[in-house]
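# Geometric and topological summary
What follows is each chain in one-letter form.
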Amino acid sequence: MYSGATISHFGAGDLKHMVTKRRRDKLIEIVYQHYKKLAKNDDTLVWASSPEKMTKKKADAFFLGVMLDQGQVAERAWEGGRHLRENHFQPGKTFWKNISSAKEREIKKITKTGFDNKSYAVNFQTNKFPKWLRSAAKKISDEYNSDPRLIWDASPEECFLIYERFKEFDGIGDALAKMAQFILVRKFGVAGGKKNKHMLSIKPDIHLCRVLYRCGITSSAKISVTADEIGSFKLKSPADFDAACWHIGREFCGKTDRKCGLCPLSDDCEKNE
Ligand code: SF4
């Protein structure tokens with residue numbers, strides 16, 4: 001049961017599901033420890049001390065790499081993105097417009113055989129990828145002035161927009177959108193990067209809301225309540241907290257399948273239904 005001084009922050013949820021402030025601080029610390037463990041094996045979670053410059057050409061290839069990073073090793077996906085950008089659709093300023101105005105059969109042929117006679121996407125996506133690519137090219141041309149860098153043009157307080165904008169593209173789901181956001185912020189210094197680490201906001205997704213409510217950090221699993229309550233905790237690094245909670249939600253705390261015995265939060269978790 002919650003009994004902290006910040007009780008006035010809460011009202012929209014049900015306080016009886018919440019842990020004490022002391023236990024909440026402990027749970028938050030465990031989440032950060034989990035982030036540190038993840039970052040040891042995942043480059044996308046490591047903060048670059050000097051962020052890489054993102055040219056337009058690199059941005060085009062990065063976006064393609066994100067789309068291709070499903071069902072194949074990341075290195076091949078990033079290499080595929082670079083290769084596609086450099087070898088097809090008359091690379092240059094009009095790259096995305098050239099794709100969106102290309103004939104369907106040309107897009108299919110290139111995507112299925114253009115990567116040194118192989119498909120850019122994995123087998124089960126060879127028929128879907130041409131459609132996703134055309135639809136993405138149209139969206140980037142029409143809504144982002146043919147420059148993917150505008151997709152991730154966001155202030156630290158609006159960092160969550162990067163994730164939301166990626167998710168609006170066909171073929172880019174929750175996991176890819178999060179991955180793209182993590183890499184852009186940590187490696188390329190987007191949304192202020194490391195120096196604004198404490199300001200980067202999170203907009204909770206279903207995994208994060210579920211984990212925080214079940215373990216008793218928040219009073220409800222509703223997105224709006226979670227966002228309000230998390231904002232009031234003044235986290236030291238919201239992006240890292242987000243990454244770790246998201247991972248716990250995906251790996252251990254499924255909607256209908258909980259693996260509490262394996263979950264790092266288990267000892268202190270309230271295990272709310
Ligand atoms: S201990 Fe169980 S209920 Fe709590 S966060 Fe982990 S998986 Fe979810």
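Residues numbered from 1 in each chain as written. Predicted model: local features only at pLDDT ≥ 70, side-chain atom pairs only at ≥ 80, totals over all residues. Heavy atoms only, no water.

### Some points on the site of the ligand
Heads up, the condition is: Neighbouring residues are identified by heavy atoms, a residue being near a molecule or strand if any of them is within 4 Å of it. All amino acids are sorted into three groups, where Ala, Val, Leu, Ile, Met, Phe, Trp, Tyr, Cys and Pro are nonpolar, Asp, Glu, Lys and Arg are charged, and the leftover types, Gly among them, are polar.
Around the ligand, the neighbouring residues are F252, C253, R258, C260, C263, S266 and C269. Class assignment for the residues of the shell around the ligand results in five nonpolar, one polar and one charged.

### Observations regarding the nonpolar core
Our working rule: Take the buried Ala, Val, Leu, Ile, Met, Phe, Trp, Tyr and Cys residues and link them wherever side-chain atoms come within 4.5 Å; each set so joined is a nonpolar core. The cut-offs for exposure are 20% and 50% of the maximum accessible area for each residue type, with area from a 1.4 Å probe on protein chains only; residues under the lower value are buried, those over the upper are exposed, and the others partly exposed. Residue ranges labeled as domains rest on an automatic or database domain assignment. It only takes one pair of heavy atoms within 4.5 Å for two residues to be counted as in contact.
Core analysis: the biggest nonpolar cluster contains 79 residues, and F62, F63, W152, I162, F166 and F241 have the highest contact counts within it. Counting only domains with at least three residues in this core, you end up with domain 1 (5-43 + 197-268) and domain 2 (56-194). Filtering out sequence-adjacent residues up to four positions away, F241 remains in contact with I28, V31, Y32, I202, L212, I230 and L235.

### Considerations on the side chain of H83
For clarity, the threshold we go by: A run of H or I in DSSP becomes a helix once it reaches four residues, and a run of E becomes a strand once it reaches two; helices and strands are each numbered from the N terminus. Under the rule applied, a polar contact is a pair of N or O atoms within 3.5 Å (in protein, one hydrogen donor and one hydrogen acceptor; residues adjacent in sequence only if both atoms are side-chain atoms).
Checked against the element boundaries, H83 lands in helix α3 (residues 74-87). In terms of polar contacts, H83 uses its side chain to reach the side chain of Y120, at 2.7 Å. Sequence-distant contacts of H83, defined by excluding residues within four places in its chain, comprise H88, G114, F115, D116 and Y120.

### What to know about helix α10 (residues 223-232)
Given 3.6 residues to a turn, an α-helix orients residues that are three or four positions apart in the same direction. Worth spelling out the cut-off: The arc in question is formed by the directions pointing from the helix axis toward the C-beta atoms.
Residues V225, T226, E229, I230 and S232 constitute the buried set of α10. Down the axis of α10, the buried set is contained in an arc of 155°. They therefore lie on one face. Turning to α10, the residues buried within the fold contact α9 (206-215) and α11 (238-251). Trailing α10 by a residue or two, K234 shows a phi angle of about 50°, which is positive.

### A look at unusual backbone geometry
Backbone geometry places F89, a non-glycine residue, at a positive phi of 55°. Backbone geometry places N117, a non-glycine residue, at a positive phi of 70°. In this fold, N117 is placed in the loop between α5 (104-113) and α6 (129-143). Its relative accessible area of 70% is what places N117 among the exposed residues.

### Details of the packing of aromatic side chains
Spelled out, the test is: Any two of the Phe, Tyr and Trp rings considered here, Trp counted by its six-membered ring, make a pair once their centres fall within 6.5 Å; the pair's planes then place it as stacked at under 30 degrees, edge-to-face at over 60, or tilted in between.
Per the stated rule, a full pass over the model turns up 13 aromatic pairs. Where F62 meets W78, the ring centres are 5.5 Å apart and the plane angle is 15°; that geometry is what we call stacked. Here W78 lies in helix α3 and F62 lies in helix α2 (residues 56-68), a separation of 16 residues in the sequence. Judged by its relative accessible area of 22%, W78 falls in the partly exposed class. Centroid distance F62 to W152: 5.6 Å. Interplanar angle 80°. Geometry classified as edge-to-face. Of this pair, F62 sits in helix α2 while W152 is found in the loop between α6 and α7 (160-167), placing the two residues 90 residues apart along the sequence. A single burial state applies to F62 and to W152, both of which are buried.

### Examining the environment of I162
Topologically, I162 is positioned in helix α7. Look at I162 and you get buried, because its relative accessible area is 0%. Considering only alpha carbons, one finds I162 and S119, 43 residues apart in sequence, at a separation of 28 Å.

### With respect to the pattern of salt bridges
Stated precisely, the cut-off is as follows: Counted as salt bridges are all cases of a side-chain nitrogen of Lys or Arg within 4 Å of a carboxyl oxygen of Asp or Glu.
The tally for this structure, following the rule as stated, stands at 19 salt bridges. Of the charged contacts in the structure, one is a salt bridge between R85 and D60, with a shortest N-O distance of 2.6 Å. Of this pair, R85 sits in helix α3 while D60 sits in helix α2; the two residues are 25 residues apart in sequence, bridging distant segments of the chain. Measuring nitrogen to oxygen at the nearest pair gives 3.0 Å for the salt bridge that ties K139 to E143.

### Re the packing of α2 against helix α8 (residues 174-187)
Stated formally: Throughout, an axis means a line fitted to C-alpha atoms (over the contacting stretch in the case of helices), and angles, computed between N-to-C directions, take values from 0 to 180 degrees. The hand of a helix crossing depends on one turn: near helix anticlockwise from the far one by less than a right angle means left-handed, and clockwise means right-handed.
Viewed as axis vectors pointing N to C, α2 and α8 meet at an angle of 145°, and their least axial separation amounts to 10 Å. Between α2 and α8 lies a crossing of right-handed hand. When α2 is examined against α8, the residues F62, V66 and M67 are found in contact with a partner set consisting of L176, M179, A180, I183 and L184. Classifying every residue of the contact of α2 with α8 by side-chain character gives eight nonpolar, no polar and no charged.

### Considerations on the domain arrangement of the protein
Threshold: The term buried area denotes the loss of accessible surface (1.4 Å probe radius) that occurs when two parts are joined, taken as the sum for both partners.
Partitioning the protein into structural domains gives domain 1 (5-43 + 197-268) and domain 2 (56-194). Taken over C-alpha atoms, the centre of domain 1 sits 30 Å from the centre of domain 2. Counting residues at the interface gives 15 residues for domain 1 and 16 residues for domain 2. Contact between domain 1 and domain 2 buries roughly 1,300 Å² in total, counting both sides, with carbon and sulfur atoms accounting for 55%. The interface formed by domain 1 and domain 2 includes three salt bridges.

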